[in-house]
Amino acid sequence: MHKTAATKIPATIVTGFLGAGKTTLIRNLIQNAGGRRIALIVNEFGEVGIDGELLRSCGAPDCGEDDIVELANGCLCCTVADDFLPTLEKLLQRPNPPSHIVIETSGLALPKPLVQAFAWPGVKTRTTVDGVITLVDAAAVAAGRFADDEAALAAQREADPNLDHDNPLEELFEDQLGCADLVLLTKADLLAQDDLPRVQADLATHLRPGVKILPVRQGDVAADILLGLAAAAEDDLAARKSHHDAEEDHDHEDFASFAVTLPEQAAPETLVARLSPLIAEHDILRIKGFVAVAGKGMRLVLQGVGARLQHYYDRDWQSDEDRATRLVVIGRAGLNEAAIRAALAA
């Protein structure tokens, strides 16, 4: 028997550009779930499921191994019927279903097609979109990494006839903001004091009335703020404008991704020293993965957004795991994979 509207299972969609901090936020959330039984659907862009592995290693008692479902090698918004809906229905049909579902999209996903999926007849009676939470890298926006000034962009296009008139990065950024019920401004502590109000004001021009912007550090946000928004977003689709509203489909041909496997590394600092010039030379948007460090029993997590590289040890290597370094590299189409592989292997 289907659930009534009063007992629908709420679902939260967490979206945001590459490296905005979605996994850190969700990891914090499930570690401080307050007794909620949270199921996670994790969508990873690339050949190695880095984010799913990070979430599995968090050790939260309210989120077991079976509560994390990873969908790899396919953007959720492109594979709603084939992958997302069947996965969602399996969660809803469990004898002991979750009390809340959290969906982490890849950095390339448009949120609106996912929200639309919750209006499907087989799903609508049993679950609802509690809210769409969009994470924004404050430092990247302040540095102009993703242009959102339409007038300036138009002037730049007019001045340069060779500039591509379609900017999918900008459109994706604006679509994620336009669908948001709450915006989390991550890495705000990296901004100069005068930059924060400017970034918030710029973002606000893309938001629906009433949507709040909350600066956060290290994904530290109480579950009561993130969950329980009661937005019922699937009933509010018309207000969530998208550049892709008139399109039946979209693609990600403007991006490239590949995985690299390397042997143990002598030291994290040595690897970072090799990566930094490589990122600058090839304009790599995102690099992330696990590193095996010689003489260390713990696994090193490496996260890179643009020129910023962070690393930390998260857990011991398991006896049945291959102690190898596995990295995912993401950039724009035309990324020189051969040159990057050669430099990493040197």
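Calculation rules
- Residues numbered from 1 in each chain as written.
- Predicted model: local features only at pLDDT ≥ 70, side-chain atom pairs only at ≥ 80, totals over all residues.
- Heavy atoms only, no water.
- Helix = DSSP H or I, 4+ residues; strand = E, 2+ residues; numbered from the N terminus.
- Buried < 20%, exposed > 50% of the residue type's maximum accessible area, 1.4 Å probe, protein only.
- Contact = heavy atoms within 4.5 Å.
- Areas by Shrake-Rupley, 256 points an atom, 1.4 Å probe, with all protein chains shown as cover.
- Salt bridge = Lys/Arg side-chain N within 4 Å of Asp/Glu carboxyl O.
- pLDDT = per-residue confidence, 0-100.
- Pairing = 2+ DSSP bridges.
- Lys, Arg positive; Asp, Glu negative; His and termini not counted.
- Polar contact = N/O pair within 3.5 Å; in protein donor to acceptor, adjacent residues only side chain to side chain.
- Core = buried A, V, L, I, M, F, W, Y, C linked by side-chain atoms within 4.5 Å.

When you go through the protein chain residue by residue, the secondary structure sums to twelve helices and twelve strands. Counting all 346 residues of the protein chain, 52% fall into the buried class. Sequence-distant contacts, at least 24 apart, represent 79% of the contacts inside the protein chain between residues at least 6 apart. By element, 50% of the accessible surface of the protein chain is carried by carbon and sulfur atoms, the whole surface being about 15,500 Å².

Attention now goes to the pattern of salt bridges. Taken as a whole and judged by the stated rule, the model has twelve salt bridges. The partner of R240 in a salt bridge is D181, with the nearest N and O atoms 2.8 Å apart. Here D181 lies in the loop between α8 (168-178) and β6 (182-186) and R240 lies in the loop between α10 (223-226) and β8 (255-262), a separation of 59 residues in the sequence. An identical accessibility class is assigned to R240 and D181; each is buried. Here E337 makes a salt bridge to R341, at a shortest N to O gap of 2.8 Å.

Let us look at the confidence of the model for the protein chain. Across the protein chain, the average pLDDT comes to 76, with 75% of residues at 70 or higher. Counted against residues more than four places away or in other chains, residues 1-6, with its pLDDT under 50, gives six contacts. Note that residues 147-167 has pLDDT below 50 and, in this model, 19 contacts with residues that lie over four places away or in other chains.

With eleven of eleven residues buried, strand β5 (residues 127-137) lies mostly within the body of the structure. Looking at chain direction, strand β1 (residues 9-16) and β5 are connected through eight bridges and run parallel. Bridged to T15 within β5 is T134. In this sheet, β6 lies alongside β5 in parallel orientation, the contact comprising five bridges. Among the inter-strand pairings, V136 is bridged to a residue of β6, identified as L185.

Here the focus is the pairing of strand β9 (residues 286-291). Counting buried residues in β9 gives six out of six residues, a clear majority hidden from the surface. Note: β9 against strand β12 (residues 325-332), five bridges, orientation antiparallel. Bridge pairing links K288 to V328 in β12.

The next subject is the environment of V328. Its place among the elements puts V328 in strand β12. Using a relative accessible area of 0% as the deciding quantity, one classes V328 as buried.

Attention now goes to the side chain of E234. Within the element layout of this structure, E234 appears in the loop between α10 and β8. Although E234 is buried, it makes no salt bridge; K8 carries the closest opposite charge, 4.5 Å away. Separated by 3.0 Å, the side chain of E234 and the backbone nitrogen of V129 make a polar contact.

Turning our attention to the nonpolar core. Core analysis: the largest hydrophobic core is formed by 22 residues, its most contacted members being I13, F84, L88, I101, I103, V115 and F118. At the level of elements, β1, β2 (38-44), α3 (80-92), β4 (100-104), α4 (111-117) and β5 are the ones that each hand at least two residues to this core. Ranked by residue count, the leading element in this core is α3, at five residues.

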